[in-house]
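In case you want the letters, here they are:
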Amino acid sequence: MGVQRVLYAGIVTFVFLVNVFFVERQPLVLLLVLLILPLVTFVIALCMVHGLQIQTEVSEKTMLKGDTASFFIKVKNTFLPVPGIHVHLYFQYHNCSYYEMKEFCIYARAMDTTSLQGKLKAGNCGRLSIRVGEAYLYDFLHLWKIKIPSQQQFEVMVQPKLTEPDYNTLHKLNYVEDGMDNYSQNRSGNDPSEIYDIREYGSGDRMNQIHWKLSARMEELYVKEPGLPVSDTQVILVELKNCDTQEQKDQLDTVYELLYAAGNLECLRENIFDICFYSSQTQELKKVQVMSPQTLGAALELVMREEGYDGERVIETYLDTEYIQGQKIYVIRSGEPDEILPALDGAGEAVITVLNVSPDHEQQEFYRDGAIRCIWVDDQNIEACMRQAF
C-alpha cells in the first residue's frame, strides 16, 4: 500500500506541475479528478465494510492430538463485490505464551455469502483458541486500508491420545493392605479371603479353587473366584508448568498423556483415586475424585483448562494442607527432577512416585530416596513407565 501511495502522489505532483507551467483547462480538470478519486474510493470502501459480516466455524469442538479438522471463514456481503478481504487467524494454546498466525485472502461475491475452508491439525493437547485477530480490505486504488469489525473467537479442546496398559501391567497383583475392605464388584482378583463369584469348573481352573462342600452337595465341580481388592488411598498430583517454547509444550503434552494413561489404568483396576492440581486463578488446590472412565474424562478436561505457572505449587500445597500418612502419591510433572526434592521434605512416611517428563531421553532408570522414587518419562516410553510405576 505504501508503494501505491507514493506512485499516486507522484502522478498528482506531475499533473500539478504541468498545470502550473502550462495553464490550461484540461490538466486542471485532470488534477481535480485525481484529488477527488481517492475520496470517492474511500467512501465506497467504507460502504463495503458496513455491508460485510465475517464468521468463523470449526467442524469439531473436541478432537484428538494429531487429528485434522476443518474450519470455515464465511463472509456475508450485502453490497458490491470485494476483490480481496484479508483475514488474520490466530491459533494459540491457552497455556502457551506463543501463537501462530495465518493470513487468508477472500474474494466476496456481491449480495452473497462466500465460504473459505481450511484445515486445522492439532499438534498439541489442551484448549486451542482460534480468533480473528484482524480483518481488512483495500479500496480499488489500494490507497486506503480499512478494518472490518470482527472479534469472533472459538475454542477447540484437543484431547491426548490414550496409551493402553499391556496385559502384565493391568493384571499386576494387588497386595492387600491393612484396613482395606473394598473389593471389585465386576472383576475377579487374587485375594482368596474374599469370594468374588462361584461358578462351574472349567478347563484351566486350579484345584485349590474348587469349592468342595458345594461340589459335594451339587454332585458337580464348582470353583471359587477370589476377590480383587481395590484401593481408595491413591492420589495423582499434576504440576502444570508455563510453556515458553515448543519443547516445553511437548513436555506438557506428555504430562497430559501420562495422566490419562495412569487414570485409565486405575479405572480398569476399579480403584478410586483423586486427581489434584493447582488453580492459578483461585490460588488454591483443586481435587477431583475419579471413580469411572466418565469422571476421568471430566477431570482431565478440567486439568487441561487450567493455566500454567512456575514452581512446584501443587505438591507444596498438598503436603501443607492434606493428611498424607500412608497415602500412595503419584506426582506427574515436567522439568529437572532435582527441583522437586526440596518440596518433598515434608512428605513423612507417604510413598511418593515422581513421574518426571524430561527432554533427556537417555535417563530411563529411576532412583530411590527413602520412600521417594523418580522415573524419567518421555512420549516414547509411557507404556514402559506404567510397568515401572504402577
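Please refer to the structure placed before this passage.
What this report covers is the structure whose coordinates are included nearby.

About the criteria used
Residues numbered from 1 in each chain as written. Predicted model: local features only at pLDDT ≥ 70, side-chain atom pairs only at ≥ 80, totals over all residues. Heavy atoms only, no water. Helix = DSSP H or I, 4+ residues; strand = E, 2+ residues; numbered from the N terminus. Buried < 20%, exposed > 50% of the residue type's maximum accessible area, 1.4 Å probe, protein only. Contact = heavy atoms within 4.5 Å. Areas by Shrake-Rupley, 256 points an atom, 1.4 Å probe, with all protein chains shown as cover. Pairing = 2+ DSSP bridges. Axes fitted to C-alpha atoms, helices over the stretch in contact; angles between N-to-C directions. Arc of directions from axis to C-beta. Salt bridge = Lys/Arg side-chain N within 4 Å of Asp/Glu carboxyl O. Core = buried A, V, L, I, M, F, W, Y, C linked by side-chain atoms within 4.5 Å. Expected span 1.5 Å × (residues − 1). Parallel < 35°, antiparallel > 145°, perpendicular 65-115°, else oblique. Left-handed = near helix turned anticlockwise from the far one by under 90°. Nonpolar A, V, L, I, M, F, W, Y, C, P; charged D, E, K, R; others polar. Phe/Tyr/Trp six-rings, centres within 6.5 Å; stacked < 30°, edge-to-face > 60°. Lys NZ or Arg CZ within 6 Å of the ring centre and 35° of its normal. Polar contact = N/O pair within 3.5 Å; in protein donor to acceptor, adjacent residues only side chain to side chain.

1. So, the overall build of the protein chain
Alright, step 1. Looking only at helices and strands, the protein chain has 8 helices and 18 strands in total.
Alright, step 2. Split into buried and exposed, the 390 residues of the protein chain put 46% on the buried side.
Alright, step 3. Taking all contacts inside the protein chain whose residues are at least 6 apart in sequence as the whole, residues at least 24 apart take part in 66%.
Alright, step 4. On the protein chain, roughly 20,900 Å² of surface is accessible, and the fraction owed to carbon and sulfur atoms is 53%.

2. Side note on the sheet that holds strand β1 (residues 52-58)
Alright, step 1. A sheet is described by the order of its strands in space; here 3 strands give the open sequence β1-β3-β6, paired in antiparallel fashion. Across the chains shown, the open sheet's two edge strands, defined by having one partner strand only, are β1 and β6 (112-121). Strand-to-strand twist of the sheet, defined as the mean angle between neighbouring strand axes without regard to direction, takes the value 15°.
Alright, step 2. Across 10 bridges, the pairing between strand β3 (residues 68-77) and β6 is antiparallel. Opposite Lys74, over in β6, you have Ser115 as the bridge partner.

3. Points about helix α8 (residues 382-389)
For an α-helix, the turn length of 3.6 residues means that residues three or four places apart are oriented alike.
Alright, step 1. Every buried residue of α8 is accounted for by Ile382, Cys385, Met386 and Ala389. All buried residues of α8 fall inside an arc of 105° around its axis, so they share one side.

4. A short note on the pattern of salt bridges
Alright, step 1. As enumerated under the stated definition, the model contains 18 salt bridges in all.
Alright, step 2. Between Arg333 and Glu312 there is a salt bridge whose closest N-O contact spans 2.6 Å. Of this pair, Arg333 sits in strand β15 (residues 328-334) while Glu312 sits in the loop between α6 (293-304) and α7 (313-321), and the two are 21 residues apart along the sequence. Grouping residues by exposure puts Arg333 and Glu312 together as buried.

5. Regarding the nonpolar core
Alright, step 1. Ile85, Val87, Leu237, Ile275 and Leu355 are the most contacted members of the largest nonpolar core, which has 91 residues in total.
Alright, step 2. Per-element tally for this core: the top contributor is helix α5 (residues 246-268), with 9 residues.
Alright, step 3. Counting residues in hydrophobic clusters, the runner-up holds 6 residues, among them Tyr8, Val12, Leu31 and Leu34.

6. What about α6?
Alright, step 1. The end-to-end C-alpha distance of α6, which contains 12 residues, comes to 16 Å, matching closely the 16 Å that a straight helix rising 1.5 Å per residue would cover.
Alright, step 2. If you check which residues of α6 are buried, you get Leu296, Ala299, Leu300, Val303 and Met304. Take α6 and look down its axis: the buried residues cluster within an arc of 135°, on one side only.
Alright, step 3. In this fold, the buried residues of α6 make contact with β7 (126-138), β9 (153-159), β12 (234-238), α5, β13 (273-279) and β14 (284-290).

7. Structural notes on the packing of α5 against α6
Alright, step 1. Remark: α5 packs on α6, axes separated minimally by 10 Å, with the N-to-C direction vectors making an angle of 160°. One finds that α5 runs roughly antiparallel with respect to α6. As for the relative orientation of α5 and α6, their crossing is right-handed in sense. Of α6, the residues touching α5 (which contributes Tyr256, Leu259, Tyr260, Gly263, Asn264 and Cys267) are Pro293, Leu296, Leu300, Val303 and Met304.
Alright, step 2. Of the residues that constitute the contact of α5 with α6, the class distribution is 9 nonpolar, 2 polar and no charged.

8. Considerations on the environment of Gly84
Alright, step 1. Assignment of secondary structure puts Gly84 in strand β4 (residues 82-93).
Alright, step 2. A relative accessible area of 14% means that Gly84 is categorised as buried.
Alright, step 3. Separated by 54 residues in sequence, Gly84 and Tyr138 place their C-alpha atoms 7.4 Å apart.
Alright, step 4. In contact with Gly84, other than residues within four places in its own chain, are Cys105, Ile106, Tyr136, Leu137 and Tyr138.

9. A few points about the packing of aromatic side chains
The geometry of two aromatic rings is summed up by the distance between their centres and the angle between their planes.
Alright, step 1. Overall, the coordinates contain 6 aromatic pairs when judged by the stated rule.
Alright, step 2. Ring plane angle 80° and centroid distance 5.7 Å describe the contact between Tyr136 and Tyr138, whose orientation is recorded as edge-to-face. When sorted by exposure, Tyr136 lands in the same class as Tyr138, which is buried.
Alright, step 3. Here a set of aromatic residues connected by ring pairs shows up, and it is made of Phe71, Phe91 and Phe104.
Alright, step 4. Over the aromatic face of Phe91 sits the side chain of Lys102, whose NZ or CZ is 5.5 Å from the ring centroid.
Alright, step 5. We note Lys145 situated over the ring of Tyr136; from NZ or CZ to the ring centre the distance is 4.2 Å.

10. Let's talk about the side chain of Ser279
Alright, step 1. For Ser279, the position within the fold is in strand β13.
Alright, step 2. Relative accessible area serves as the criterion here: at 0%, Ser279 is assigned to the buried category.
Alright, step 3. Apart from residues lying up to four places away in sequence, Ser279 is in contact with Glu284, Lys286 and Glu306.

11. Concerning the side chain of Asn264
Alright, step 1. If you trace the backbone, Asn264 turns up in helix α5.
Alright, step 2. A polar contact of 3.4 Å, which involves the side chain of Asn264, links it to the side chain of Glu164.
Alright, step 3. Residues within four places of Asn264 in sequence aside, it is in contact with Leu162, Glu164, Pro165 and Leu296.

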